[in-house]
Amino acid sequence: MPSHSVLRSFECAARHGSFTLAAEELDLTQSAISRQVKDLEDVIGASLFRRVGRRVVLTKAGQQLADDVAVDLENLQQTIMRAISAGKQGTAIRVAVLPGFASRWLIPRLPEFTELHPDIELSFSTRLEPFDMTRERFDLAVHFGNENWPDTDMRLLSSETMVAVAAPSFIDVHSISSLDRLVSVPLLHMETRPTVWSQYFEEVGLQHDTALSGKYFDQFSMVIAAAVAALGAALVPTYLIEGELSSGRLVPLSSATVTTRNSYYLVTPSNRRNPEVDLLSNWMVQAINEQIL
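Quick caveat, the model's predicted, so the values are computed rather than measured.

Engineer: Can you walk me through the overall build of the protein chain in this structure?
Structural biologist: Per the secondary structure count, the protein chain includes eleven helices and ten strands. Taking 2.2 N^0.38 as the reference for a compact globule, 293 residues should give roughly 19 Å; the C-alpha atoms of the protein chain span a radius of gyration of 24 Å, well beyond that estimate. Taken along the three principal axes of its C-alpha coordinates, the protein chain extends 75 × 50 × 30 Å. Out of the 293 residues in the protein chain, the part that is buried amounts to 44%. Taking the contacts inside the protein chain whose residues are at least 6 apart along the sequence as the reference set, 72% of them involve residues at least 24 apart. Carbon and sulfur atoms form 51% of the exposed surface of the protein chain, whose accessible area is close to 15500 Å². Of the side chains in the protein chain, 25 bear a positive and 35 a negative charge, and the two mean positions are spaced by 7 Å.

In structure tokens, the structure reads:
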């Protein structure tokens with residue numbers, strides 16, 4: 001088997017497309033990188049790079065190996081970090097999360113879980129789309145979408161209820177005294193929920209021709225920031241704006257809500273039971289239910 005240093009040099013050269021940049025990152029000489037790549041090619045029995053001008057480009061065999069090695073090296077690092085955490089605390093759980101859900105709902109509540117289970121250490125990484133949980137060695141993932149993640153067990157966490165909100169200054173400038181005004185004011189959109197304003201207008205019985213117009217963002221954190229900055233009215237899940245609502249920086253425009261077609265799920269590798277993951281999952285479900293009630 002190739003040594004770890006050989007694999008690391010290859011992954012770095014593949015990522016940069018340059019032996020020189022790989023040498024700089026790893027504090028080695030260019031000739032050392034070249035020699036280690038040659039050693040790996042001898043083991044594989046195929047060329048991994050071809051030269052194009054001053055750059056090196058992966059061959060088909062090199063690209064496939066680079067993709068696998070990058071994941072394997074990341075897994076090795078996570079395995080060591082998990083061992084360090086478990087050595088101090090007892091058990092370490094690796095969780096894949098959606099950034100908005102993590103920063104706005106989960107992390108502010110984690111002190112309660114930590115107090116209940118001080119021997120469980122949690123580490124978080126952002127993932128936006130389904131992935132191979134076994135290959136990337138995650139114990140739990142929070143997923144928004146449909147119940148269609150292959151080779152996993154999925155547990156419904158909650159649906160997504162959204163409320164129309166705006167900054168007080170935006171309401172004053174646009175004289176929003178009723179929902180009728182929403183059809184003629186700037187709207188803020190989440191790219192992954194492009195039709196939710198149309199759904200909302202249908203729910204409240206408003207005719208609309210401009211429900212898809214306005215500014216689009218790919219993260220709820222930016223939608224919320226834009227709403228606070230009075231750039232437009234926004235439809236946002238209630239769990240994401242607890243602080244803004246309590247402080248008055250955002251104001252509900254109506255008690256009407258819209259529930260999106262997708263839901264939040266807790267996802268674990270198929271047929272893998274983990275008592276510590278069950279503790280975290282059960283705690284999250286209870287926290288969600290208490291919030292809804």
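Engineer: Would you mind going over the packing of aromatic side chains with me for this structure?
Structural biologist: The description of an aromatic ring pair rests on the distance of the ring centres and on the angle between the ring planes. For the structure shown, the criterion picks out 13 aromatic pairs. Pairing Phe 10 with Phe 49 gives two aromatic rings, centres 5.7 Å apart and planes at 65°, and the pair type is edge-to-face. In this pair, Phe 10 is assigned in helix H1 (residues 4–16) and Phe 49 in strand S1 (residues 49–52), connecting sequence segments 39 residues apart. Of the two residues, Phe 10 and Phe 49, neither departs from the other in class, the shared state being buried. Through pairs of rings, three or more aromatic residues link up here, namely Phe 101, Trp 105, Phe 144, Tyr 239 and Tyr 264.

Engineer: It is not clear to me how the pairing of strand S3 (residues 91–97) should be interpreted in this structure. Could you clarify?
Structural biologist: If a strand is regular, its side chains alternate between the two faces of the sheet. Here S3 lies mainly inside the structure; seven of its seven residues are buried. Going residue by residue along S3, you find Thr 91, Ile 93, Val 95 and Val 97 tucked away on one face and Ala 92, Arg 94 and Ala 96 tucked away on the opposite face as well. Handedness of the crossover joining S3 and strand S4 (residues 120–126) through helix H5 (residues 99–116): right-handed. Here S3 runs beside strand S5 (residues 140–145); their pairing, made up of two bridges, is parallel. Residue pairing for S5: Val 95 is matched across the bridge by Leu 140.

Engineer: What should I look at first to understand the pairing of S4 in this one?
Structural biologist: The sheet contact formed by S3 and S4 spans seven bridges and is parallel. Residue pairing for S4: Ala 96 is matched across the bridge by Ser 125.

Engineer: Explain the environment of Ser 169 here, please?
Structural biologist: Assignment of secondary structure puts Ser 169 in helix H7 (residues 168–173). As a C-alpha pair, Ser 169 and Val 228 span 59 residues in sequence and 9.2 Å in three-dimensional space.

Engineer: Quick question: what am I supposed to make of the side chain of Asp 139 here?
Structural biologist: Position of Asp 139 among the secondary structure elements: in the loop between helix H6 (133–136) and S5. Taking the relative accessible area as the measure of exposure, Asp 139 reaches 9% and is therefore buried.

Engineer: Looking at this model, I keep getting lost on the confidence of the model for the protein chain. Mind explaining?
Structural biologist: A low pLDDT means the predicted coordinates there should not be read in detail. Residues at a pLDDT of 70 or more form 95% of the protein chain, whose mean pLDDT is 88. When mean pLDDT is compared element by element in the protein chain, H7 scores highest at 96, while helix H4 (residues 60–89) scores lowest at 76.

Engineer: Where do I start with the packing of H1 against helix H2 (residues 19–26) in this structure?
Structural biologist: A pair of packed helices is captured by two measures, namely the crossing angle of their axes and the spacing between those axes. The interhelical angle for the contact between H1 and H2, taken along N-to-C directions, is 125°, at an axis separation of 8 Å. The angle between H1 and H2 places the two elements in the oblique class. Of the two possible hands of crossing, H1 and H2 adopt the one that is right-handed. Together, Arg 8, Ser 9, Cys 12, Ala 13, Arg 15 and His 16 of H1 and Phe 19, Leu 21, Ala 22, Glu 25 and Leu 26 of H2 make up the contact between the two elements. Grouping the amino acids of the contact of H1 with H2 by side-chain chemistry returns six nonpolar, two polar and three charged.

So, how was this worked out
Residues numbered from 1 in each chain as written. Predicted model: local features only at pLDDT ≥ 70, side-chain atom pairs only at ≥ 80, totals over all residues. Heavy atoms only, no water. Helix = DSSP H or I, 4+ residues; strand = E, 2+ residues; numbered from the N terminus. Rg over C-alpha atoms; globule rule 2.2 N^0.38 Å. Buried < 20%, exposed > 50% of the residue type's maximum accessible area, 1.4 Å probe, protein only. Contact = heavy atoms within 4.5 Å. Areas by Shrake-Rupley, 256 points an atom, 1.4 Å probe, with all protein chains shown as cover. Lys, Arg positive; Asp, Glu negative; His and termini not counted. Charge placed at Lys NZ, Arg CZ, Asp CG, Glu CD. Phe/Tyr/Trp six-rings, centres within 6.5 Å; stacked < 30°, edge-to-face > 60°. Right-handed = clockwise from strand over helix to strand, strands pointing away. Pairing = 2+ DSSP bridges. pLDDT = per-residue confidence, 0-100. Axes fitted to C-alpha atoms, helices over the stretch in contact; angles between N-to-C directions. Parallel < 35°, antiparallel > 145°, perpendicular 65-115°, else oblique. Left-handed = near helix turned anticlockwise from the far one by under 90°. Nonpolar A, V, L, I, M, F, W, Y, C, P; charged D, E, K, R; others polar.

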